[in-house]
There are 2 protein chains.
Amino acid sequence: MRKAHIISIGNELLIGDTINTNASWIGRFLTEKGFFVEQVNTLPDDYALIKEFIDLSLKESDFTVVTGGLGPTHDDITKKVITDLFDDELIEIESVLNHIKDMFRKRDFDFSRSNAEQALVPKSCTVLFNDLGTAPGMWFEKKNHALAVLPGVPYEMKFLMNKRVSDKLENFFPGQDVWATRYFKTAGVPESTLSDQIVGDLSTYLNNGVQVAYLPNPGGVTIRISAEGNSKTAANEKLESLQELLYKNAGDLIYGEGRDCELAAVVGDLLNQTNKTISVAESCTGGMLSSDITDVAGSSNYMLGGVIAYANDVKIIHLGVNENDLINDGAVSKKVALQMAKGVASNMNSTIGVSTTGIAGPGGGSAEKPVGTVWMGFWIDGKSFALKAQFTNDRLINKQRTVMVVLETLRRELLGLGTYPYNLKPQQ
Amino acid sequence: MRKAHIISIGNELLIGDTINTNASWIGRFLTEKGFFVEQVNTLPDDYALIKEFIDLSLKESDFTVVTGGLGPTHDDITKKVITDLFDDELIEIESVLNHIKDMFRKRDFDFSRSNAEQALVPKSCTVLFNDLGTAPGMWFEKKNHALAVLPGVPYEMKFLMNKRVSDKLENFFPGQDVWATRYFKTAGVPESTLSDQIVGDLSTYLNNGVQVAYLPNPGGVTIRISAEGNSKTAANEKLESLQELLYKNAGDLIYGEGRDCELAAVVGDLLNQTNKTISVAESCTGGMLSSDITDVAGSSNYMLGGVIAYANDVKIIHLGVNENDLINDGAVSKKVALQMAKGVASNMNSTIGVSTTGIAGPGGGSAEKPVGTVWMGFWIDGKSFALKAQFTNDRLINKQRTVMVVLETLRRELLGLGTYPYNLKPQQ
C-alpha cells in the first residue's frame with residue numbers, strides 16, 4: 001500500500017487560530033484513493049523546517065501533499081522552499097498571470113506587484129490551474145515520488161484535489177489497491193438507538209476487510225461502510241450484503257447515500273417529483289431553514305419564498321396569525337405554529353407551508369417554556385399538524401436542530417412513512 | 001522562547017473521520033502560556049513512528065504533549081512505546097484502579113482485564129489523575145524536558161490540561177515569557193490591498209518579538225498582532241504603537257477586535273445605539289442574511305423580519321416590486337434591488353430595509369449577467385442606493401460574500417464613513 005504524507009503550513013494552525021480541516025479532508029480523499037496516510041505534519045512558516053519535512057517525505061513516502069504558504073504576503077514561503085529544494089528557478093506562467101489580472105478586473109480590485117508574483121512557479125512543476133483563486137497549484141514528479149503543492153484556502157484546495165490532482169494520481173500510481181466506501185445518511189434518530197436497536201449486531205459482516213462506523217454530526221448520523229480490494233468492483237462486492245441488511249433494518253431512516261448528500265436536496269427532489277411548491281415562515285430559525293433550502297441549486301423551481309417573522313406584528317400582518325392567540329398562548333405555541341404554516345402557504349400560494357417558532361436562547365426562557373422549546377408547523381396540501389421539541393441551551397444548535405427536524409419531517413411526509421423524527425408526536 | 005511539540009495519535013485522524021480539534025485547542029493553550037508551538041505531528045497507531053517522533057521531540061523541543069492511544073484496545077500502544085523509550089517498567093497505581101472500578105460500577109458496565117491494565121503506568125511518571133475517564137494522564141520530567149501524555153477524548157484532555165498540566169508547566173518552566181495577542185477584523189477589502197496599500201510596510205515594528213499575520217476567511221480578513229514579554233503587561237506594551245498605526249491606516253476598515261467578534265453583532269450594536277430597526281428582503285441569499293443577523297442573541301430587539309422572495313410573484317405582491325421593471329430590467333437589476341429594499345422597510349415598518357438579488361449559480365447566468373452578478377439594495381431612513389458586485393461561480397460563496405458586503409455596507413453607513421466594501425460605487 002502506498003504511503004502518503006500531508007504537510008500543512010501556517011502559524012495560524014499551530015497557535016490554534018484555525019482548525020486543520022484541510023488535513024482531515026485530504027486524509028479522507030487519499031484513503032479512498034487507496035493510500036495509507038501515514039503522517040500529517042503541521043509546520044510554521046519556517047523555511048528550514050518546511051524544507052526538512054518535505055525532503056524527508058520525498059524519501060519516506062510515495063506521495064506528498066503540501067498546503068498553505070502560497071499567498072501574496074511576506075510570510076508565504078512555500079514556493080521559495082520548493083524552488084531551492086529542487087534547485088529550480090521561478091518562471092512566469094502567462095495564462096496564470098492573465099487569470100489573476102482577470103480576477104482582479106472582474107472584482108474591480110487594484111492589482112499589486114505581490115499579486116503578479118503569484119504567477120511565478122518553479123520551472124519543473126506542472127501548473128494545476130486554479131479557477132477559483134490567484135495561487136496556482138503545483139505538481140512535481142521526482143523519480144517514484146509525486147508532490148502536490150496547493151493553496152490553503154479550503155475551497156480552492158478541494159477544487160484542485162478533485163479537478164486536477166485526482167487524475168494525475170491515477171496516472172502516476174496505476175493499479176493501486178483501493179477502498180470502496182459508502183455513506184448512508186440519517187436524520188432525527190440518536191446514534192445509540194440507530195446502532196444498537198435499529199441496525200443491530202453486525203459482527204458476522206465484519207470480516208474480509210469490511211468496516212462500519214457511525215459518524216454523528218449536527219445534521220444527523222452518517223453510517224459509513226468500507227472494504228478494501230484490488231479493484232473498485234472487488235471492494236464494492238464485499239459491501240453488498242451489509243448494505244442490504246442496512247436497508248432492511250434502517251431503510252426508512254436513510255435519506256440518502258454519499259457523504260455530501262444534503263437533506264435539503266433530497267426534500268427538493270421529492271418536491272420536484274410530486275410537483276409541489278413550498279414556502280417558509282420562520283421565527284426562531286430566523287432564515288436558516290430558507291437558507292438551507294436555497295443552498296440547493298435549482299431550488300427556485302419549488303421554493304417560492306418565505307417570511308422571517310421575528311416581530312409579532314409581522315406574524316399578524318404578513319402571516320395572518322390571530323392576535324388573541326398570540327396574547328393568550330404566546331408566540332411559541334401550537335396555535336401560532338399552525339397559523340404561521342397555513343398563513344405563509346396561503347399568502348405565497350404554495351402547496352406546502354412550514355413554520356418554526358421557539359425560544360432559541362440564551363434569554364427568553366421561562367419555567368413553562370424553557371430555552372430550547374420549539375414548535376414546528378406543517379401545512380401540506382391541506383393536512384395540518386405541529387410538532388413540539390425540546391432542544392438544548394445553545395442558540396445555534398437549536399436553530400440547526402429545528403431546521404433538520406422540519407426537513408426530515410417533510411421527507412417522511414412526502415414519502416408517506418407515518419413516522420416522525422425523534423419519535424415526536426404530531427398534534428392538530 | 002520555549003518550543004512545544006504536539007503529537008496526536010490515532011488512525012481516525014489520518015483517514016479524516018475525525019478532525020484534529022485537540023491539536024488546535026492545545027496549540028492555543030500553549031501559545032497563551034508562552035510556548036512557541038513548532039510542530040503538530042499526527043501519527044497512526046504505529047510503534048516505530050510514535051517512538052521516533054517522541055524521541056525527536058525530546059531532543060528538539062522543551063515540552064511535548066502526546067494525546068491518544070491510551071485506550072484499552074490492542075491498537076492503543078502509546079504507553080508501551082513510552083515505557084520502552086525510557087527503559088521503564090509498568091506499575092499498578094491503586095488509586096487509579098479503584099477509580100476505574102468505581103466508574104464501571106456506576107455505569108453498570110462489565111469490568112474486564114483490559115480495563116484493569118489502564119491502571120498500569122511507567123514507574124518514572126507522575127500520574128495526572130483523570131476524574132472524567134479511565135485512562136490516567138502521565139507527566140514525565142527528563143532533564144530540561146517535560147512530557148505530558150493524555151487521553152485523546154477531548155473533554156478528558158481539556159480537563160487534564162486545565163487542572164493538572166497547567167500548574168506543572170508553571171513549576172517546571174518558571175518565569176517563562178508569555179504572549180499577548182490581539183485580533184482586528186475587517187470585511188470587504190482584499191488581503192493584498194489591506195496588507196500592501198492600506199496598512200503598508202511594518203518592518204520597523206517587527207522586532208522585539210512582535211509578529212503580524214493576515215488571516216483571510218469567507219467573512220473577511222483578520223489582522224493578528226502578537227508580542228512576547230516577561231509578563232502580559234510587558235508583552236501588551238510592545239503592541240501599543242503597532243496597534244496605533246493599524247488604527248491610523250486602517251481604522252475605518254476594522255469592524256471589531258477579538259477573534260470571535262462577528263460583523264452581524266457589530267451591526268446589531270450600531271442598530272441598538274442608533275435606535276434603528278431593520279428588515280430584510282432576500283432573493284439570491286435565500287435567508288442566509290436574516291439567519292446571520294438572527295444568530296446574534298438579542299437580535300429580536302432590532303430585527304423585525306424579512307421576506308424571502310424567490311418567486312417573482314412574491315417580489316411583486318409582498319415587496320411591491322413593479323411588474324414592468326421585473327419584465328424589462330429582470331429580477332437581477334438595480335431597480336428591483338432598490339424597490340425590494342424600500343418595499344420590505346415599508347411593509348415591515350422598519351427604519352432600514354436591505355435587499356439582495358443576484359445569479360447565485362451554477363445555472364441562470366447569461367453573457368450580460370453572468371453567474372456571480374449580485375445587486376444589493378439599501379433603504380436607510382429614506383436614503384436609497386444600490387451596489388452591484390461580481391462574485392464567483394460558486395453558489396455558496398456568492399451567498400456568503402453577498403451577506404458580508406451587505407452587513408459591512410450597513411456598518412459603514414451607520415458610522416457615516418462614506419466608503420463601500422471592495423470600493424463598490426453606490427448607484428441611485
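For the structure given in this document, a descriptive report is provided here.

1. With respect to the pattern of salt bridges
- All told, the structure shown has 35 salt bridges over all chains when counted by the stated rule.
- Here Asp-381 of chain A ties to Lys-276 of chain A by a salt bridge, and the two come within 2.6 Å at their closest N and O atoms. Note that Asp-381 of chain A is positioned in the loop between strand S16 (373–380) and strand S17 (383–390) and Lys-276 of chain A in the loop between helix H11 (263–273) and strand S13 (278–282), a separation of 105 residues in sequence.
- For Lys-33 of chain B, the salt bridge identified is with Glu-170 of chain B, shortest N-O distance 2.7 Å. Linking Lys-33 of chain B in the loop between helix H2 (21–32) and strand S2 (36–43) with Glu-170 of chain B in helix H7 (residues 154–172), this pair joins segments that are 137 residues apart in sequence.
- Residue classification places Glu-170 of chain B among the partly exposed positions, given a relative accessible area of 46%.
- Three or more residues are tied together by salt bridges with common partners; here these are Asp-17 of chain A together with Arg-224 and Arg-259 of chain B.

2. Description of the packing of helix H12 (residues 312–319) of chain B against helix H14 (residues 334–348) of chain B
Residue and element names in this part refer to chain B.
- It is at 9 Å that the axes of H12 and H14 come closest, and there the two elements cross at 45°. When the axis of H12 is compared with that of H14, the two are oblique. Of the two possible hands of crossing, H12 and H14 adopt the one that is left-handed. Packed against H12, whose contacting residues are Lys-315, His-318 and Leu-319, the element H14 presents Val-336, Gln-339, Met-340, Gly-343, Val-344 and Asn-347 at the interface.
- Counted by class, the contact of H12 with H14 contains four nonpolar, four polar and one charged residues.

3. Some remarks on empty space enclosed by the protein
- Under the definition given, this model contains three cavities of 30 Å³ or more.
- What the largest cavity holds in volume is close to 150 Å³.
- As for the largest cavity, its lining consists of 15 residues, and the residues nearest its centre are Asn-20 and Thr-42 of chain A together with Asn-20, Ala-23 and Thr-42 of chain B.
- Where the lining of the largest cavity is concerned, the elements lending two or more residues are helix H2 (21–32) and strand S2 (36–43) of chain A together with H2 and S2 of chain B.
- Among the residues forming the lining of the largest cavity, the class breakdown is seven nonpolar, eight polar and no charged.

4. Some details on the sheet that holds strand S11 (residues 220–229) of chain A
Residue and element names in this part refer to chain A.
- An order of S10-S11-S9-S12 is seen for the four strands of this open sheet, with the pairing classed as antiparallel. One side of each edge strand has no neighbouring strand; the edge strands of this open sheet are strand S10 (211–217) and strand S12 (254–257). Within the sheet, the average angular offset between the axes of one strand and its neighbour, ignoring direction, is 25°.
- Two strands pair when backbone bridges link them, and strand S9 (residues 178–186) and S11 are joined in this way by nine bridges, in the antiparallel orientation. The residue of S11 that forms the bridge with Ala-180 is Ala-227.

5. Side note on helix H8 (residues 191–199) of chain A
Residue and element names in this part refer to chain A.
- Those residues of H8 lying buried are Leu-194, Ser-195 and Val-199. Projection of H8 onto a plane perpendicular to its axis shows the buried side chains occupying an angular sector of 90°, all on one side. Among the exposed residues of H8, those oriented more than 90 degrees off its buried face are Asp-196 and Gln-197.
- Elements that come into contact with the buried residues of H8 comprise S9, S10, S11 and helix H10 (240–250).
- Looking one or two places after H8, you find Gly-200, whose phi comes out positive at around 80°.

About the criteria used
- Residues numbered from 1 in each chain as written.
- Chains lettered and ligands numbered in written order.
- Predicted model: local features only at pLDDT ≥ 70, side-chain atom pairs only at ≥ 80, totals over all residues.
- Heavy atoms only, no water.
- Salt bridge = Lys/Arg side-chain N within 4 Å of Asp/Glu carboxyl O.
- Helix = DSSP H or I, 4+ residues; strand = E, 2+ residues; numbered from the N terminus.
- Buried < 20%, exposed > 50% of the residue type's maximum accessible area, 1.4 Å probe, protein only.
- Axes fitted to C-alpha atoms, helices over the stretch in contact; angles between N-to-C directions.
- Parallel < 35°, antiparallel > 145°, perpendicular 65-115°, else oblique.
- Left-handed = near helix turned anticlockwise from the far one by under 90°.
- Contact = heavy atoms within 4.5 Å.
- Nonpolar A, V, L, I, M, F, W, Y, C, P; charged D, E, K, R; others polar.
- 1 Å grid on protein atoms, 1.4 Å probe; cavity = no way out; pocket = protein on both sides within 12 Å on 5 of 7 lines; lining within 4 Å.
- Points joined across faces, edges and corners; volume = space filled by probe spheres on them.
- Pairing = 2+ DSSP bridges.
- Arc of directions from axis to C-beta.

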